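# Reading the structure
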Amino acid sequence: MPRMSMFFWDPEGLRFDLPTWPFGHPDGPDPEVFATYRELKARGLRPGGQEKVGQLGWWIRGGMRFAYLYRVDQAKKRRPMTPAKWASIHKALAARRTCPECKTEKDYYINRDPGVCGECDPNAPRDGDSDDPVFAA
Ligand SMILES: [Zn+2]
């Protein structure tokens, strides 16, 4: 928990452009009405496109840090992972495992360099070239 600093007491937003309170101040904004992104997330919510309405400030190693505040009543439910979303993630991962040269899906991710699988990479070590167990099969 950062140490509270009244430097951030600015409910009118005169100095900070946004209404600002010291992080952890008991007279700060009502957490039932205003919540940070992290607090929303803990409640299964997300800002849902709304503008930030305020912020909490604290010091970290001589610098200022802020957590934006959002209206709880404007927050939206976080979208749970649907089977379709999982399917698209699995598809994307499979694409990363598939060699563009021989179109084979490997059991490893194709490196950006050389961008092809071990069989298609002319510079990849071959049997006998290396003691590396990966290639010595
Ligand atoms: Zn290949």
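Structure first, text after, so check above.
To keep things clear, this report deals only with the structure shown in the data block.

Scoring rules and cut-offs
- Residues numbered from 1 in each chain as written.
- Predicted model: local features only at pLDDT ≥ 70, side-chain atom pairs only at ≥ 80, totals over all residues.
- Heavy atoms only, no water.
- Core = buried A, V, L, I, M, F, W, Y, C linked by side-chain atoms within 4.5 Å.
- Buried < 20%, exposed > 50% of the residue type's maximum accessible area, 1.4 Å probe, protein only.
- Contact = heavy atoms within 4.5 Å.
- Pairing = 2+ DSSP bridges.
- Helix = DSSP H or I, 4+ residues; strand = E, 2+ residues; numbered from the N terminus.
- Donors = N, O, S within 2.8 Å, 3.2 Å for Na, K, Ca; no water.
- Tetrahedral: all angles 85-135°; square planar, octahedral: opposite > 155°, others 65-115°.

Grouped together as the largest cluster of nonpolar side chains are six residues: Ala 35, Leu 40, Leu 45, Tyr 70, Val 72 and Ala 75. With residues near it in sequence (within four places) discarded, Val 72 still touches Pro 31, Glu 32, Val 33, Phe 34, Ala 35, Leu 40, Arg 43 and Leu 45.

Moving on, we get to the pairing of strand β5 (residues 63–71). Relative to β5, strand β2 (residues 34–36) runs antiparallel, the two being bridged by three bridges. Of the residues in β5, the one forming a bridge with Phe 34 is Arg 71. Here strand β4 (residues 54–60) runs beside β5; their pairing, made up of seven bridges, is antiparallel. Opposite Trp 59, over in β5, you have Met 64 as the bridge partner. In this structure, the hairpin formed by β4 and β5 is closed by a connection of two residues, where Arg 61 is found at a positive phi of approximately 40 degrees.

Turning to the coordination of the zinc ion, a few remarks are in order. Looking at the metal site, the zinc ion is ligated by Cys 99 (SG), Cys 102 (SG), Cys 117 (SG) and Cys 120 (SG), spaced 2.2 to 2.3 Å from it. Considering all four donor atoms around the zinc ion, angles at the metal cover 107 to 111 degrees and the coordination shape is tetrahedral. Read in sequence order, the donor residues for the zinc ion give the motif C-x2-C-x14-C-x2-C. Here the residue Cys 99 occupies a position in the segment after α2 (83–97), and Cys 120 occupies one in the segment after α2, the gap between them amounting to 21 residues. Residue classification places Cys 120 among the partly exposed residues on the basis of a relative accessible area of 25%.

Bringing the environment of Leu 45 into the picture now. Relative to the elements of secondary structure, Leu 45 occurs in strand β3 (residues 45–46). Given a relative accessible area of 14%, Leu 45 falls into the buried group. Leu 45 sits 34 residues away from Arg 79 along the chain, and the two C-alpha atoms are 8.7 Å apart. Ignoring anything within four residues of it in the chain, the contact list for Leu 45 reads Leu 40, Val 72, Ala 75, Lys 76, Lys 77 and Arg 78.

Structural measurements only, silent on function.
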